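Descriptive structure summary
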Amino acid sequence: VKTSLTVAVVGATGAVGQEFLSLFTARQVPVGELRLLASSRSAGKRVAFEGREVEIGLLSAESFRGVDVAFFSAGATRSREFVPAAVEAGAVVIDNSSAFRMEPDVPLVVPEVNGRLVCAETRLIAVPNCTAIILTMAVAPLRSLGHIERLIVSTYQSASGGGAAMMELLKDQTAAVVGGPGYASLDLEPLTEPYAFNLFSHNTPIGNDGYNEEEQKVIAETRKILGQPNLRMSVTCVRVPVLRAHTESVIVEFSGPAPSEDDIRYVLEKSDGIELVDDRENNSFPTPLKATGKDDVLAGRIRHDAGNDHAICMLIAGDQLRKGAALNAVQIAEHAFGLRQKSV
Ligand SMILES: NC(=O)c1ccc[n+]([C@@H]2O[C@H](COP(=O)([O-])OP(=O)(O)OC[C@H]3O[C@@H](n4cnc5c(N)ncnc54)[C@H](OP(=O)(O)O)[C@@H]3O)[C@@H](O)[C@H]2O)c1
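This is a predicted model, so every value here is computed, not measured.

Residues Val178, Tyr183 and Phe197 make up a contiguous nonpolar surface patch of roughly 330 Å² in combined accessible area. Looking at the secondary structure, you find Phe197 in the loop between α5 (164-177) and β10 (200-201).

Given below as structure tokens:
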């Protein structure tokens, strides 16, 4: 076990990048040298970390000499361009972008589900799409109760999934509509629909099959993480005017009669990284606000599908900047370097 790691964070100024810094401290990652990297927009700025001031460096192929672990969260284009240089330099690369997720020889890892795929020799590990991480966290444990045949998923995705700029856009539009000049004044770019007090089909391009890119990613990546390439899935991704944390309505269909609600609750409650929030009496279930800043994925509203006795329904919510991105990546590093996992 290394006592001090040279760590690079690519995209350090972004919504995910900022989460890394607080997680390093919270989980007591032994960070020695810290290289924070971004574009020329941010290079030269200084960031405080654990009592030191770290200057943001300009990302280049030379940034990775001597780096033990490099966390990439600066978009797929940057990953495609610079991940090979980081691997070449000998770093373990943990990539939050979509660039390598579906490469057959790149493990796509949610540690609680398939952390066994990470070993000392693995150089490049992909972090799945945030919606897929939150989904597989809640679905994988249910496989101990029966074979899962089909998933039907509807999402309520927050602004933070679109990065720091989309969070600002939601705040600005909300201010403009409440007591400001109103909808007619809004500059919708880069979206096509108003965001304040509205919701819309996920703002990624739609394919010929009618599924947008986000839905396609959730389907392909969920199948890969669960190791079920033929899992039947139908996914509808929607952006809602929530600042942070994604919520998902999930229908899980088993090959035989559905397990009891109590068994589902029992299994989820015992699962690492899941918190059961299922209080019918007080109508208290998972919400994005309850999930915000939390490591656990919240699961609740567990009930039988009234139209299918092989299926159950549930509502899940998770902070996609943490478990859906930075936390999942840090947990992978903990596996790769044999770091003792600290509870936060
Ligand atoms: N948001 C999420 O929930 C989430 C979840 C899972 C995965 N991801 C993935 O994580 C990545 C970042 O997402 P985010 O939400 O953090 O986005 P963001 O807030 O927009 O941050 C983007 C980061 O990338 C940097 N960057 C952009 N262009 C660059 C360039 N040419 N060279 C070097 N750095 C550059 C930016 O630096 P500057 O300050 O210099 O602009 C910034 O640090 C994306 O690949 C995204 O798909 C995001």
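Turning our eyes to something else, we now look at the environment of Val127. The residue Val127 is located in the loop between β8 (124-126) and α4 (130-139) in this model. Of the residues examined, Val127 reaches a relative accessible area of 0% and is grouped as buried. The spacing of Val127 and Gly163 is 36 residues in sequence and 16 Å in space, taken between C-alpha atoms.

To continue, consider the sheet that holds strand β2 (residues 31-38). Read across the sheet, six strands follow the order β5-β2-β1-β6-β7-β8 without closing on themselves; strand pairing throughout is parallel. Where the open sheet ends on each side, the last strands, each with one partner, are β5 (57-58) and β8. Pairing of strand β1 (residues 5-10) with β2, which is carried by five bridges, proceeds in the parallel orientation. Paired with Val7 across the strands is Leu34, a residue of β2.

Secondary-structure assignment places Leu191 in the loop between α5 and β10. Using a relative accessible area of 5% as the deciding quantity, one classes Leu191 as buried. A C-alpha to C-alpha distance of 33 Å links Leu191 and Ala86, two positions 105 residues apart in sequence. In this structure Leu191 touches Met166, Leu169, Phe200 and Asn203, once residues within four positions along its chain are discounted.

Taken together, six strands build an open sheet; the order of strands is β11-β9-β13-β16-β15-β14 and the sheet is mixed. Strand pairing shows two members of the sheet lacking a second neighbour, β11 (232-236) and β14 (274-276), which therefore form its edges. The sheet shows a mean angle of 25° between the axes of neighbouring strands, direction not considered. By the bridge criterion, five bridges tie strand β15 (residues 297-304) to strand β16 (residues 311-318) in an arrangement that is antiparallel. Bridge assignment links Gly300 to a residue of β16, and that residue is Leu315. Packing against the sheet, helix α6 (residues 213-226) makes contact with β9 (148-156) and β11, and its axis sits at approximately 150° to β11.

All right, on to the pairing of β15 then. Bridging between β14 and β15 involves three bridges; their strand directions are parallel. Directly across from Ile274, in β15, lies its bridge partner Val297. Adjacent in sequence and paired antiparallel, β15 and β16 are bridged by six residues.

What follows is about the pairing of strand β6 (residues 69-72). Of the two faces of β6, both are covered, the one formed by Val69 and Phe71 as well as the one formed by Ala70 and Phe72. Of the strand pairs in this sheet, β1 and β6 are connected by four bridges, and their pairing is parallel. If you follow Ala8 over to β6, its bridge partner there is Ala70. As judged from the four bridges shared by β6 and strand β7 (residues 92-95), these two strands associate in the parallel manner. Residue pairing across strands places Phe72 opposite Asp95, the latter belonging to β7. As a crossover connection, the stretch from β6 through helix α2 (residues 76-88) into β7 is right-handed.

Each value, and the rule that gives it
- As a convention, each chain's residues are numbered from 1 in the sequence order in which they are written.
- Residue-level local features of this predicted model are given only where pLDDT is at least 70; pairs of side-chain atoms are given and counted only at 80 or more, and the full residue set underlies all totals for whole chains, interfaces and linings.
- Side-chain figures throughout are based on the complete set of non-hydrogen atoms in the structure, without hydrogens or water.
- Think of a patch as exposed residues, more than 30% relative accessible area, with no salt bridge, where like charges cluster within 9 Å and nonpolar side chains (Val, Leu, Ile, Met, Phe, Trp, Tyr) cluster within 5 Å.
- Only the protein chains shown count as cover for residues, and all accessible areas are computed by the Shrake-Rupley method using a 1.4 Å probe.
- The salt bridge definition used is simple: a Lys or Arg side-chain nitrogen within 4 Å of an Asp or Glu carboxyl oxygen.
- Secondary structure elements follow DSSP: runs of H or I of four or more residues count as helices, runs of E of two or more count as strands, with numbering from the N terminus.
- Only protein chains enter the accessibility calculation, which uses a 1.4 Å probe. A residue is then buried if its area is under 20% of the maximum for its type, exposed if over 50%, and partly exposed in between.
- In this analysis, strands are considered paired if DSSP registers two or more bridges between them.
- Only heavy atoms matter for contacts: two residues are in contact if any of them lie within 4.5 Å across the pair.
- Think of each axis as a best-fit line through the C-alpha atoms, taken over the contacting stretch in the case of a helix, with angles from 0 to 180 degrees between the N-to-C directions.
- The path from the first strand over the helix to the second decides the hand: if it runs clockwise while the strands point away from the viewer, the crossover is right-handed.

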